[in-house]
Amino acid sequence: MHENHNALGVALGHKPTQPVTLVRPHAAHRAARYFLEKFPGTSMYAVKANPSPDLIRSLWDGGITHFDVASIAEVRLVRGLLPKATLCFMHPIKGEEAIAEAYHVHDVRTFSLDSLTELAKIVAATRRDGVDATDLTLCVRLRVSSSHSMLSLASKFGVAADDAAPLLMATRQVADALGICFHVGSQAMSPQAYAEALAQVRVAIVGAGVTVDVVDVGGGFPSVYPGMEPGALDAYFDVISRAYESLPVSYSAELWCEPGRALSAEYASVLVRVEARKDDVLYINDGAYGALFDAAHIDWRFPVALVRETESRAKPVGFSFYGPTCDDMDFMRGPFELPADIQAGDYIEIGMLGAYGSAMRTGFNGFTAGATVIARDEPMDTVYGVTETSPSRVISIR
Ligand SMILES: *Cc1c(COP(=O)(O)O)cnc(C)c1O
């Protein structure tokens, strides 16, 4: 991997013809420290957000020791990188072979579930010589509202709090430690999301009359994007801490969280080249099948900055982007605010792509990623500024 100070250095020095991923290990490291110092419990990284080995190592160096893995490939990946990490298999629906390999080969002891069928699968897959496992931490996934979040995770998984008693009681019978987990949806714009979900946890615990050892509030912690400026994460942690303290859980119970986006968003940006301009539409060399899946499919607005040696004085205009493939779906509506005089040959840095950006890249139509470069500057400082008081930074507080 090359090192280069920032996007401008890469653009001028290399004139790249393919999209370049700029990674900032210092930003991931800082996000890890933030969660470790401020979240009142254990923070695990949700690997799905960005499975880059370099990022996973940066988070480990920053002090993250627990990882939320959702597939056997993620289990193998993290175990291969970090032999001592604690891995939690938090996908509520898994193949029995995946559970067995995770438990017997990779030392995974924590699993989530949302049905009696999955519970039976876990019990069968972790049995050894006809003897049931006695060291399982099993987290029952509750279905909670995604109404405060930009991206719903409410439909696919989870058992409603009112219906959870039979599953909680059956899980208690076979688990060494019983947990309850949920996910409020990604990019939760208000801490109230967690307060409401934890109220559902209370309903579930009281309804089942079971002793609970782990409360896992999942992911959903927001990052800052244009038009999406949530309050500071401290406020989220305060709300969670207060609601958790009042729950009827065992005195030795643990509080966990599973941030994906908040630990990884600032880690990466992508430097793209403008290949053509037609009015307020720019044809760029990355798109929906590359790092911009969310920009194309759910109209996510990522921060953008023109990367040019002499700063443009032209007024900002809202542009849309077409990606490099041949189909109309490769379209990012934006609006992405860029100077009016932008033209073919210019470079743009698209920021906050560390979460659900490079992780979604495909090789469709022959367009793939170019080089990866380490940048030492602050993520998108021309957009967000670098001052300590900048309200647009949630986790980059130094
Ligand atoms: C996706 C996911 C996460 C991470 O969510 P973010 O919104 O990126 O923080 C955490 N836990 C589970 C179970 C998930 O599916």
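Residue positions are given per chain, counting from 1 as you read along its sequence in written order. Confidence filtering applies because this is a predicted model: local features only for residues at pLDDT of at least 70, side-chain atom pairs given and counted only at 80 or more, and all residues used for totals across whole chains, interfaces and linings. Side-chain metrics in this entry use all non-hydrogen atoms of the structure; hydrogen atoms and water are not considered.

Re the overall build of the chain
Then, in step 1: Secondary structure assignment for the chain yields twelve helices and 19 strands.
Then, in step 2: C-alpha extents for the chain along the principal axes are approximately 65 × 40 × 40 Å.
Then, in step 3: Note on exposure labels: buried denotes an accessible area under 20% of the residue type's maximum, exposed denotes more than 50%, and partly exposed covers the range between, all computed with a 1.4 Å probe on protein chains only. Across the 398 residues that make up the chain, the buried fraction comes to 54%.
Then, in step 4: For this analysis, residues touch if any pair of their heavy atoms sits within 4.5 Å. Contacts in the chain between residues far apart in sequence, at least 24 positions, make up 74% of those at least 6 positions apart. Strands are runs of DSSP state E lasting at least 2 residues, helices are runs of H or I lasting at least 4, and numbering of each runs from the N terminus.

Some details on the domain arrangement of the chain
Then, in step 1: The domain architecture assigned to the chain consists of domain 1 (2-23 + 266-397) and domain 2 (26-264).
Then, in step 2: Taken together, the contacts link 26 residues of domain 1 with 32 residues of domain 2.
Then, in step 3: The salt bridge definition used is simple: a Lys or Arg side-chain nitrogen within 4 Å of an Asp or Glu carboxyl oxygen. Between E378 and R30 there is a salt bridge, and its shortest N-O distance comes to 2.8 Å.
Then, in step 4: Here a polar contact means two N or O atoms within 3.5 Å. Within protein one must be a hydrogen donor candidate and the other an acceptor candidate, and residues neighboring in sequence count only if both atoms are side-chain atoms. Viewed at the interface, domain 2 and domain 1 are joined by six residue pairs in polar contact (both at pLDDT 80 or more).
Then, in step 5: Here the nonpolar group is Ala, Val, Leu, Ile, Met, Phe, Trp, Tyr, Cys and Pro; Asp, Glu, Lys and Arg are the charged ones; every other residue, Gly included, is treated as polar. Its residues placed into classes, the side of domain 1 that touches domain 2 shows 16 nonpolar, four polar and six charged. Each domain's extent is set by a domain assignment, obtained either automatically or from a database.

Here's the deal with the site of the ligand
Then, in step 1: If you check the shell around the ligand, you find 15 residues, and the closest are K48, S186, E258, R261 and Y356.
Then, in step 2: Burial of the ligand by the protein chains amounts to 92% of its free accessible area of 390 Å².
Then, in step 3: Its residues assigned to classes, the shell around the ligand comprises five nonpolar, five polar and five charged. Throughout, near means a residue has at least one heavy atom within 4 Å of the molecule or strand. With residues, only the protein chains shown are counted as cover, and all accessible areas are computed by Shrake-Rupley using a 1.4 Å probe.

Observations regarding the pairing of strand β5 (residues 86-89)
Then, in step 1: In this analysis, strands are considered paired if DSSP registers two or more bridges between them. The sheet contact formed by strand β4 (residues 66-69) and β5 spans four bridges and is parallel. Its bridge partner being in β5, H66 is matched across the sheet by T86.
Then, in step 2: As defined by bridge partners, β5 adjoins strand β6 (residues 110-113) across two bridges and the pair is classed as parallel. Pairing of C88 across the sheet is with T110, part of β6.
Then, in step 3: When the strands point away from the viewer, a crossover counts as right-handed if the path from the first strand over the helix to the second runs clockwise. This β-α-β element, β5 to helix α5 (residues 96-104) to β6, shows right-handed connectivity.

Some thoughts on the environment of A235
Then, in step 1: On the secondary structure map, A235 appears in helix α9 (residues 233-245).
Then, in step 2: Exposure remark for A235: the relative accessible area of 37% places this residue in the partly exposed category.

Here we look at the environment of L116
Then, in step 1: By the secondary structure assignment, L116 is in helix α6 (residues 116-126).
Then, in step 2: The contact partners of L116, leaving out residues within four places of it in the chain, are L167 and A170.

What to know about unusual backbone geometry
Then, in step 1: Look at the link from G334 to P335: it is a cis peptide, with omega at 5 degrees.
Then, in step 2: Tracing the backbone shows P335 in strand β17 (residues 331-339).
Then, in step 3: For Q187, which is not glycine, the phi torsion reads 55 degrees and is therefore positive.
Then, in step 4: Checked against the element boundaries, Q187 lands in strand β10 (residues 186-188).

Observations concerning α6
Then, in step 1: Those residues of α6 not exposed but buried are E118, L119, K121, I122, V123, A125 and T126.
Then, in step 2: On its buried face, α6 sits against α5, β6, β7 (137-141) and α7 (165-174).

Re the sheet that holds β7
Then, in step 1: Strand order in the closed barrel formed by eight strands is β3-β4-β5-β6-β7-β9-β11-β12, and the pairing between neighbours is parallel. With strand direction ignored, the average angle separating the axes of adjacent strands in the sheet is 25 degrees.
Then, in step 2: Where α6 meets the sheet, it contacts β6 and β7, and its direction lies at approximately 155 degrees from that of β6. The angle between two axes is taken between their N-to-C directions and runs from 0 to 180 degrees, where each axis is a line fitted to C-alpha atoms and a helix contributes only its stretch in contact.

Considerations on the packing of α5 against α6
The axes of two packed helices give the description: the angle between them and the distance between them.
Then, in step 1: Running from N to C, α5 and α6 cross one another at 45 degrees; their axes reach a closest spacing of 8 Å. The orientation of α5 relative to α6 falls into the category oblique. Considering only the axes of α5 and α6, their crossing is right-handed. Residues E96, I99, A100, Y103 and H104 of α5 pack against E118, K121, I122, A124, A125 and T126 of α6.
Then, in step 2: Across the contact of α5 with α6, the residue classes tally to six nonpolar, two polar and three charged. Angle categories: roughly parallel below 35 degrees, roughly antiparallel above 145, roughly perpendicular from 65 to 115, and oblique for all the rest. For any helix crossing, the convention is left-handed if the near helix is rotated counterclockwise from the far helix by under a right angle, and right-handed if that rotation is clockwise.

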